[in-house]
Amino acid sequence: MPVGQEILIALGANMQSTYGGPAETLSNALSRLPELGLAVRAVSKFYETPCFPAGAGPDYVNACAHLTADLTPEEVLAALHQIEAEHDRKRDRRWGARSLDLDLLAIGGKVLPSLKYYQQWRDLSPEAQGRLAPEQLILPHPRLQDRGFVLVPLLDVAPDWCHPVSGLTVRQMHDALPAEARAEVKPI
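Residues numbered from 1 in each chain as written. Predicted model: local features only at pLDDT ≥ 70, side-chain atom pairs only at ≥ 80, totals over all residues. Heavy atoms only, no water.

1. Details of the overall build of the protein chain
Here is the rule: Only DSSP runs of H or I with at least four residues qualify as helices, and only runs of E with at least two residues qualify as strands; both kinds are numbered from the N terminus onward. Whether two residues are in contact is decided by their heavy atoms: any pair within 4.5 Å suffices. For the accessible areas, the method is Shrake-Rupley and the probe is 1.4 Å, while residue cover comes only from the protein chains on display. We treat Lys and Arg as the positive residues and Asp and Glu as the negative residues; His and chain ends play no part in the count. Lysine's charge is taken at NZ, arginine's at CZ, aspartate's at CG and glutamate's at CD.
Secondary structure assignment for the protein chain yields seven helices and six strands. Counted from the first residue to the last, the protein chain has its helices and strands arranged as β-α-β-β-β-α-β-α-α-α-α-α-β. Projected onto its principal axes, the C-alpha coordinates of the protein chain cover approximately 40 × 40 × 30 Å. Here the analysis covers contacts within the protein chain between residues at least 6 apart in sequence; of these, 69% occur between residues at least 24 apart. Put simply, the protein chain shows about 8800 Å² of open surface, and 54% of that area lies on carbon and sulfur atoms. Distance between charge centres in the protein chain, computed from 18 positive and 23 negative side chains, equals 3 Å.

As structure tokens, this is what we get:
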């Protein structure tokens with residue numbers, strides 16, 4: 001089993017795939033990770049969460065996983081995209097309904113491609129976030145600190161991981177969310 005850097009991913013689905021409904025799709029995607037060199041160290045509970053943005057489709061099943069691997073960030077992203085494609089993922093529109101979404105949240109304490117680029121994407125207006133997609137891999141994920149559907153399951157697997165820009169742990173980011181954002185993420 002590969003040893004290496006700590007990798008955090010978020011998983012989500014709100015449509016059927018070849019493998020079944022959203023929960024079955026997430027389970028199958030998790031089983032594929034080791035075959036592509038990503039050792040699964042921990043998986044959160046599965047959670048039901050409202051579709052984001054509101055009205056864009058059915059509710060989601062979300063989870064997070066703590067992985068390790070001796071792969072470059074680009075290789076990790078390529079593996080995640082391969083698994084998405086195997087599970088019928090279509091990239092028709094930003095934030096649309098999807099059969100599988102695998103988001104690379106963080107690789108250890110890496111900030112990629114640069115702190116300045118990360119900050120530009122973190123600070124985009126909500127309107128721009130829905131319209132623009134980065135052309136480069138950005139780590140950590142620019143909005144992980146804002147999303148209950150990420151932080152609630154991430155708390156299950158990496159409560160002490162420290163955000164390399166803010167210096168906050170997952171537990172601190174989770175606790176800083178509004179109570180209603182945490183409450184809408186319900187264990188299945």
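Having seen it, we continue.
2. Side note on the environment of E24
Here is the rule: Polar contact criterion, stated in full: a pair of N or O atoms within 3.5 Å, where within protein one must be able to donate a hydrogen and the other to accept it, and residues adjacent in sequence count only if both atoms are side-chain atoms.
By the secondary structure assignment, E24 is in helix α1 (residues 22–32). For the pair E24 and T49, spaced 25 residues apart in sequence, the C-alpha separation works out to 16 Å. Separated by 3.0 Å, the side chain of E24 and the backbone nitrogen of G21 make a polar contact.

3. Description of the nonpolar core
Just so we agree on the cut-off: For this analysis, a nonpolar core means a set of buried residues of the types Ala, Val, Leu, Ile, Met, Phe, Trp, Tyr and Cys, connected via side-chain atoms within 4.5 Å. Whether a residue is buried, partly exposed or exposed follows from its accessible area with a 1.4 Å probe, protein chains only, as a fraction of its type maximum: under 20%, in between, or over 50%, in that order.
Grouped together as the largest cluster of nonpolar side chains are 26 residues, with contacts concentrated most on I7, I9, L38 and L104. For this core, the secondary-structure elements that each account for two or more residues are β1 (5–13), α1, β4 (60–69), α2 (73–86) and β5 (101–107). The residues contacting L38, other than those within four sequence positions of it, are I7, L33, L67, T68, A69, L71, V76 and A79. Judged by nonpolar contacts, the second largest core, of 16 residues, contains C64, V150, A158 and V170.

4. Considerations on the pairing of β4
Heads up, the condition is: Should DSSP find at least two bridges between two strands, the strands are regarded as paired.
Buried residues dominate β4, accounting for 10 of its 10 residues. Neither face of β4 is exposed, since Y60, N62, C64, H66 and T68 on one face and V61, A63, A65, L67 and A69 on the opposite face are all buried. Note: strand β2 (residues 39–43) against β4, four bridges, orientation antiparallel. In the sheet register, V43 faces β4, and the bridge partner there is A65. Pairing of strand β3 (residues 47–49) with β4, which is carried by three bridges, proceeds in the antiparallel orientation.

5. Remarks on the packing of aromatic side chains
Convention followed: Classification of ring pairs rests on two measures: the distance between centres of Phe, Tyr or Trp rings, Trp counted by its six-membered ring, which must be within 6.5 Å, and the angle between planes, read as stacked under 30 degrees, edge-to-face over 60 and tilted in between.
Taken as a whole and judged by the stated rule, the model has one aromatic pair. Centroid distance Y117 to W121: 6.3 Å. Interplanar angle 55°. Geometry classified as tilted. Of this pair, Y117 and W121 both sit in helix α3 (residues 115–122), four residues apart, which is roughly one turn of the helix. The class of Y117 is buried, set by a relative accessible area of 17%.

6. Some remarks on the side chain of H174
The topology assignment puts H174 in helix α6 (residues 170–176). In this structure, H174 is in contact with L151, V152, L155 and R182, ignoring residues within four places of it in sequence.

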